[in-house]
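Commentary on secondary and tertiary structure
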Amino acid sequence: MAPTPQIPETMANDPHLRKFWEKRHQLFSKIDEGVEMPDTCMWHMVTPEPNAIEHAKRFKGKKTVVDAFGGCGGNSIQLAKVVDKVHYVELNPNRLEAAKKNAKIYGVEDKIEFHLGDFMEVSKTLKADGVFLAPLWTTKINNSYNDYVNFDIQNMEPIPGDKIFAAGRSISKNVALFMPVTTPFHQVCLKNNYFV
């Protein structure tokens, strides 16, 4: 067993980031075995492992699923445990390399196909039984979803939520969209398979 890693200096001096370090085993249970998060943004954006496990359960019985905004692989790893194949998509090459290493630590690297590119473009080439969407939660007005009473998915940057969802629906009718709890319910209800 590897020794417990020390908090990186860049995180030790930032109280906001330090809280993520203290909760690191909720993000990845195997984080002390070498899991990588290549930039500080990943500490904010990675889906905690218990949540990723619950998300993956929704795709049980599907053969192939797309993880559209793969990050450092937390959701793809859990999806790979319940489906035959995961298409991981990520625009950032450092995050993609970290996801490959993380998938190997969890023993699922052979069940994940890694795609480097913009999901809006890569989506045109993929076919799958399901799509998991967990896009960045930044908006035109503010970079923090925490500042909103109601998180407006149409103001998401760089791509509005309805366009992201439409890209997912072009792959499969089975789409899960992971959004902040402050997203108004009427924005995620569907009318004729599109946002209302």
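Described below are features of the structure shown in this document. Predicted, not measured: the structure shown is a model, and the values here were computed from it.

**Structural notes on the overall build of the chain**
Check the secondary structure of the chain and you find ten helices and seven strands. Looking at the 196 residues of the chain, the share that counts as buried comes to 44%. Counting contacts in the chain only where the partners sit at least 6 residues apart, residues at least 24 apart contribute 59% of the total. Accessible area for the chain stands at about 10600 Å²; split by element, carbon and sulfur atoms hold 51% of it.

**A closer look at the side chain of Asn-75**
Here Asn-75 is to be found in helix α6 (residues 74–80). Here Thr-47 takes part through its side chain, which lies 3.0 Å from a polar atom of the side chain of Asn-75.

**Details of helix α7 (residues 93–105)**
With 13 residues, α7 extends 19 Å from end C-alpha to end C-alpha; this agrees with the ideal 18 Å at 1.5 Å per step. Burial in α7 covers these residues: Arg-95, Leu-96, Ala-98, Ala-99, Asn-102 and Ala-103. In a view along the axis of α7, the buried residues occupy a sector of 160°, so they form one face of it. More than 90 degrees from the buried face of α7, the exposed residues found are Asn-94 and Lys-104.

**Digging into the nonpolar core**
The biggest cluster of nonpolar side chains holds 31 residues, and the ones touching the most others in it are Phe-28, Met-37, Trp-43, Phe-59, Leu-79, Val-108 and Ile-112. For this core, the secondary structure elements donating two or more residues are α2 (15–22), α4 (40–45), α6, β2 (85–90) and α7. When sequence neighbours within four positions are dropped, the list of residues in contact with Phe-59 reads Val-65, Leu-79, Val-83, Gly-130, Val-131, Phe-132, Asn-174 and Ala-176. The next biggest cluster of nonpolar side chains, apart from the first, holds 15 residues, and it includes Val-131, Ile-159, Ile-164 and Phe-165.

**Overview of helix α9 (residues 161–169)**
Those residues of α9 that fall on the buried side of the exposure criterion are Gly-161, Ile-164, Phe-165, Ala-167 and Gly-168. Across the axial projection of α9, the buried residues extend over an arc of 155°, all falling on one side.

**Describing the pairing of β2**
Within β2, five of the six residues are buried, which leaves the element mostly enclosed by the surrounding structure. Note: strand β1 (residues 64–67) against β2, four bridges, orientation parallel. Paired with Thr-64 across the strands is Lys-85, a residue of β2. Handedness of the β-α-β unit built from β1, α6 and β2 comes out right-handed. Looking at chain direction, β2 and strand β3 (residues 112–116) are connected through five bridges and run parallel. Counterpart to His-87 in the pairing with β3 is Glu-113. Between the parallel elements β2 and β3, the chain passes through α7 in a crossover that is right-handed.

**Digging into the packing of aromatic side chains**
Taken as a whole and assessed by the stated rule, the structure comprises four aromatic pairs. With centroids separated by 5.8 Å and ring planes inclined at 50°, the aromatic side chains of Trp-21 and Trp-43 adopt a geometry described as tilted. Of the two residues, Trp-21 is situated in helix α2 and Trp-43 in helix α4; the sequence distance between them amounts to 22 residues. For the pair formed by Trp-21 and Trp-43, the shared burial category is buried. A cation over a ring is seen here: Lys-30 above Tyr-106, with NZ or CZ 5.1 Å from the ring centre.

Procedures and definitions
- Residues numbered from 1 in each chain as written.
- Predicted model: local features only at pLDDT ≥ 70, side-chain atom pairs only at ≥ 80, totals over all residues.
- Heavy atoms only, no water.
- Helix = DSSP H or I, 4+ residues; strand = E, 2+ residues; numbered from the N terminus.
- Buried < 20%, exposed > 50% of the residue type's maximum accessible area, 1.4 Å probe, protein only.
- Contact = heavy atoms within 4.5 Å.
- Areas by Shrake-Rupley, 256 points an atom, 1.4 Å probe, with all protein chains shown as cover.
- Polar contact = N/O pair within 3.5 Å; in protein donor to acceptor, adjacent residues only side chain to side chain.
- Expected span 1.5 Å × (residues − 1).
- Arc of directions from axis to C-beta.
- Core = buried A, V, L, I, M, F, W, Y, C linked by side-chain atoms within 4.5 Å.
- Pairing = 2+ DSSP bridges.
- Right-handed = clockwise from strand over helix to strand, strands pointing away.
- Phe/Tyr/Trp six-rings, centres within 6.5 Å; stacked < 30°, edge-to-face > 60°.
- Lys NZ or Arg CZ within 6 Å of the ring centre and 35° of its normal.

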